[in-house]
Amino acid sequence: MSKKPKIRFLMAKPGLDGHDRGAKVVSMALRDAGMEVIYTGLHQTPEQIVEAAIQEDATIIGLSILSGAHMTLIPRVLEVMKERGISNRLILAGGTIVLKEEIEELKKLGVAEIYGPGTPTKEIVDFIYNYFEKNIKK
């Protein structure tokens, strides 16, 4: 049986979005799947998110946005990550990002995967473990 990699997942809620039920559900599912999860709480700036990722040595940054500001906030998080030298971290996003063009643009910018409302948490867990199995040397 293969050993699962050590994964530290930082779940963040950027901007003024005050709805965090989905972020908490995903966080609990990832924790139950064996990952260490750090939840930053509501109303985080891109700079705060990146600083927390550095301080917590996060392997993955998850951005949960329901406010509709994803095309402003996610690119800014990616920009700050690059400025701070951590652009090699896996980035996942979720929330109400519904336009195909926006999803394609965010993926071009470096978001690995985007999950909409109702995505089974097992799909997220499986994506993460498959990613690490394929991309991280044991």
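The preceding data block contains the structure.
Summary of the structure given here.

The rules behind each value
Residues numbered from 1 in each chain as written. Predicted model: local features only at pLDDT ≥ 70, side-chain atom pairs only at ≥ 80, totals over all residues. Heavy atoms only, no water. Core = buried A, V, L, I, M, F, W, Y, C linked by side-chain atoms within 4.5 Å. Buried < 20%, exposed > 50% of the residue type's maximum accessible area, 1.4 Å probe, protein only. Helix = DSSP H or I, 4+ residues; strand = E, 2+ residues; numbered from the N terminus. Contact = heavy atoms within 4.5 Å. 1 Å grid on protein atoms, 1.4 Å probe; cavity = no way out; pocket = protein on both sides within 12 Å on 5 of 7 lines; lining within 4 Å. Points joined across faces, edges and corners; volume = space filled by probe spheres on them. Nonpolar A, V, L, I, M, F, W, Y, C, P; charged D, E, K, R; others polar. Pairing = 2+ DSSP bridges. Axes fitted to C-alpha atoms, helices over the stretch in contact; angles between N-to-C directions. Right-handed = clockwise from strand over helix to strand, strands pointing away. Phe/Tyr/Trp six-rings, centres within 6.5 Å; stacked < 30°, edge-to-face > 60°. Salt bridge = Lys/Arg side-chain N within 4 Å of Asp/Glu carboxyl O.

**Side note on the nonpolar core**
Move 1: If you look at the biggest cluster of nonpolar residues, it comprises 24 residues, and the most contacted ones within it are Leu10, Ile61, Leu63, Ile74, Met81 and Val111.
Move 2: For this core, the secondary-structure elements that each account for two or more residues are strand E1 (8–12), helix H2 (46–56), strand E3 (60–65), helix H3 (70–83) and strand E4 (90–95).
Move 3: With six residues, H3 is the single largest residue contributor to this core.
Move 4: Beyond its immediate stretch of four places on either side in the chain, Ile74 contacts Leu63, Ile65, Ala93, Ile97, Leu106 and Val111.
Move 5: Ranked by size, the runner-up nonpolar core spans 17 residues in total, among them Ile7, Met11, Val26 and Leu30.

**Description of the layout of surface pockets**
A water-sized probe, rolled over the atoms, reveals where empty space remains.
Move 1: In this structure, the largest pocket occupies an estimated 340 Å³ of space.
Move 2: Around the largest pocket, the lining comprises 23 residues; the ones closest to its centre are Gly22, Val26, Gly94, Gly95 and Tyr115.
Move 3: Looking at the lining of the largest pocket, its residues break down into 12 nonpolar, 10 polar and one charged.

**Describing unusual backbone geometry**
Move 1: Of note, the phi angle at His43 is positive, near 60 degrees, even though the residue is not glycine.
Move 2: Topologically, His43 is positioned in the loop between strand E2 (36–39) and H2.
Move 3: Taking the relative accessible area as the measure of exposure, His43 reaches 42% and is therefore partly exposed.

**Focus: the sheet that holds E1**
Move 1: Read across the open sheet, the five strands follow the order E2-E1-E3-E4-E5; overall the sheet is parallel. Strand pairing shows two members of the sheet lacking a second neighbour, E2 and strand E5 (113–115), which therefore form its edges. Strand-to-strand twist of the sheet, defined as the mean angle between neighbouring strand axes without regard to direction, takes the value 20 degrees.
Move 2: With three bridges connecting them, E4 and E5 associate as parallel partners. By the bridge assignment for E5, Ala93 is matched with Ile114.
Move 3: Running at roughly 160 degrees to E2, helix H1 (residues 21–32) makes contact with E1, E2 and E3 of the sheet.

**A few points about the pairing of E1**
Move 1: In terms of residue burial, E1 counts as a mostly covered element, since five of its five residues are buried.
Move 2: Alternating residues of E1 divide into Arg8, Leu10 and Ala12 and Phe9 and Met11, and every residue in both groups is buried.
Move 3: Taking the sense of rotation as the criterion, the β-α-β connection linking E1, H1 and E2 turns out right-handed.
Move 4: As defined by bridge partners, E1 adjoins E3 across four bridges and the pair is classed as parallel. Bridge pairing in E3 links Leu10 to Ile61.

**Some remarks on the packing of aromatic side chains**
Two aromatic rings, taken as a pair, are described by how far apart their centres are and by the angle between their planes.
Move 1: Under the criterion given, the structure shown has two aromatic pairs.
Move 2: Pairing Tyr115 with Phe127 gives two aromatic rings, centres 6.4 Å apart and planes at 75 degrees, and the pair type is edge-to-face. With a gap of 12 residues between them, Tyr115 in strand E5 and Phe127 in helix H5 (residues 121–135) connect regions that are remote in the sequence.
Move 3: Relative accessible area serves as the criterion here: at 7%, Tyr115 is assigned to the buried category.
Move 4: Look at Tyr131 and Phe132: their rings are 5.4 Å apart centre to centre, the planes differ by 80 degrees, and that puts the pair in the edge-to-face class.

**Here we look at the pattern of salt bridges**
Move 1: With the rule as written, the count across this model stands at 11 salt bridges.
Move 2: Salt-bridge contacts for Arg8 lead to Glu36; the nearest nitrogen and oxygen are separated by 2.4 Å. Linking Arg8 in strand E1 with Glu36 in strand E2, this pair joins segments that are 28 residues apart in sequence.
Move 3: For Arg8, a relative accessible area of 12% translates into the label buried.
Move 4: Put simply, Asp20 and Lys24 hold a salt bridge, and the shortest N to O gap is 3.3 Å.
Move 5: With a relative accessible area of 16%, Asp20 lands in the buried category.
Move 6: When its relative accessible area of 41% is taken as the criterion, Lys24 is described as partly exposed.
Move 7: Connected through salt bridges with shared partners, the residues Glu47, Arg76, Glu79 and Glu83 form a single ionic network.

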